[in-house]
Amino acid sequence: MAMKQSGFTILELMVTVAIAAVLVSVAVPSMKTFLQNGRIVSATNDLVSSFSVARSEAIRQSNFSCVCASTNPNDPAPVCSGANTWETGWVAFSDINGNCVFENGAQPDVLLKVWNGADMPPDFTIRNVNLVSNTVLFNSRGEPQQPNGRSQWGLFRVCDERGLVFAGGSSTTAAAVVLSPSGRARASRSANQLTACP
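The rules we used
Residues numbered from 1 in each chain as written. Predicted model: local features only at pLDDT ≥ 70, side-chain atom pairs only at ≥ 80, totals over all residues. Heavy atoms only, no water. Helix = DSSP H or I, 4+ residues; strand = E, 2+ residues; numbered from the N terminus. Buried < 20%, exposed > 50% of the residue type's maximum accessible area, 1.4 Å probe, protein only. Contact = heavy atoms within 4.5 Å. Areas by Shrake-Rupley, 256 points an atom, 1.4 Å probe, with all protein chains shown as cover. Salt bridge = Lys/Arg side-chain N within 4 Å of Asp/Glu carboxyl O. Disulfide = S-S within 2.5 Å. 1 Å grid on protein atoms, 1.4 Å probe; cavity = no way out; pocket = protein on both sides within 12 Å on 5 of 7 lines; lining within 4 Å. Points joined across faces, edges and corners; volume = space filled by probe spheres on them. Nonpolar A, V, L, I, M, F, W, Y, C, P; charged D, E, K, R; others polar. Pairing = 2+ DSSP bridges. Phe/Tyr/Trp six-rings, centres within 6.5 Å; stacked < 30°, edge-to-face > 60°.

Asks: I'm lost on the overall build of the chain in this one. Help?
Replies: Secondary structure summary: the chain contains one helix and nine strands in total. Sequence-ordered secondary structure for the chain, helices as α and strands as β, is α-β-β-β-β-β-β-β-β-β. Taken over the C-alpha atoms alone, the chain extends approximately 95 × 40 × 25 Å along its principal axes. Each of the 198 residues in the chain was classed as buried or not, and the buried ones make up 37%. Look at the contacts in the chain between residues 6 or more apart in sequence, and 59% of them connect residues 24 or more apart. Counting only carbon and sulfur atoms, one obtains 59% of the accessible surface of the chain, whose full area is about 10,900 Å².

So, in structure tokens, the structure goes:
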């Protein structure tokens, strides 16, 4: 009695490999775009969250809170860099004396939120577009103000290597964080608010 052999022929194997190659070549670019979009959304939401936490804390304690870019956000005593390079990281803290300097004195400031940009690609940028100061100080009413006490509001652009690419309709691949005069922050992908990257 002859036994029937089972398995794949070389032709069947070659067809399967060809189909798999086509599927992978379609999926890899989509995966890259998916990861890039995920980084943009994550950083945008984290910045909105930092502003919201600082604003809430300023109102709750009837005192100042500050959000600022920092090159050493994970340090026990982070320093506000004063630079417009928020992609390096930022910190949100309660600021007893309202100077946007994290202090560990007799009445220490308290860290509220830390974001470290170390895992971001080198061409990833977060820039303050039109705020007067590169620090955001919230007063006891939760309103953002300049160091001189005047009102402050504006826009932050979150961009990656793609720059400002229109994704169809009126949205873009980049994102914006809009900080209103009342202190509320929101994310946006509207082309009306994003005119350039970085």
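There's more to say after this.
Asks: For this particular structure, what's the right way to read the pattern of salt bridges?
Replies: For the coordinates displayed, the defined rule picks out five salt bridges. Linking Glu57 and Arg60 is a salt bridge whose minimum nitrogen-to-oxygen distance equals 2.7 Å. Of this pair, Glu57 and Arg60 both sit in helix H1 (residues 10–61), separated by three residues, roughly a single helical turn. Taking the relative accessible area as the measure of exposure, Glu57 reaches 14% and is therefore buried. Residue class for Arg60 comes out exposed when judged on its relative accessible area of 59%. The partner of Glu143 in a salt bridge is Arg141, with the nearest N and O atoms 2.9 Å apart. Taking the relative accessible area as the measure of exposure, Glu143 reaches 28% and is therefore partly exposed.

Asks: Mind showing me how you'd approach the state of the cysteines here?
Replies: By definition, a disulfide is the covalent link that joins the sulfur atoms of two cysteine residues. Applying the stated criterion to the full structure yields three disulfides. Covalently, Cys66 is tied to Cys100 through a disulfide, its sulfur atoms 2.0 Å apart. Residues Cys66 and Cys100 are joined by a disulfide whose S-S torsion is about 110°; by sign, that bridge is right-handed. Of this pair, Cys66 sits in strand S1 (residues 64–69) while Cys100 sits in the loop between strand S2 (89–95) and strand S3 (110–116), and the two are 34 residues apart along the sequence. Accessibility assignment for this pair places Cys66 and Cys100 in one class, buried.

Asks: In this structure, what is going on with empty space enclosed by the protein? I would like to understand it.
Replies: One way to see where empty space is left: roll a probe the size of a water molecule over the atoms. Per the stated rule, a full pass over the model turns up one cavity of 30 Å³ or more. Its volume calculated, the largest cavity comes out at about 30 Å³. Lining the largest cavity we find Glu57, Ala58, Gln61, Asn63, Phe64, Ser65, Ser94, Asp95 and Ile96. Of all the secondary-structure elements, those providing two or more residues to the lining of the largest cavity are H1, S1 and S2. With three residues, H1 is the largest single contributor of residues to the lining of the largest cavity. Looking at the lining of the largest cavity, its residues break down into three nonpolar, four polar and two charged.

Asks: Whenever I open this one, the sheet that holds strand S5 (residues 135–138) confuses me. Can you help?
Replies: Across a sheet, paired strands are connected by hydrogen bonds in the backbone, their directions being either parallel or antiparallel. The sheet built from five strands is open, its strands ordered S3-S2-S1-S5-S6 with antiparallel pairing. Of all the strands in the sheet, just S3 and strand S6 (144–145) have a single pairing partner and so form its edges. In this sheet, S5 lies alongside S1 in antiparallel orientation, the contact comprising four bridges. Bridging across to S5, Cys68 finds its partner in Thr135.

Asks: I'm lost on the packing of aromatic side chains in this one. Help?
Replies: Given two aromatic rings, one states the distance between the centres and the angle between the planes to describe the pair. All chains considered together, the criterion is met by seven aromatic pairs. Pairing Phe93 with Phe102 gives two aromatic rings, centres 5.4 Å apart and planes at 90°, and the pair type is edge-to-face.

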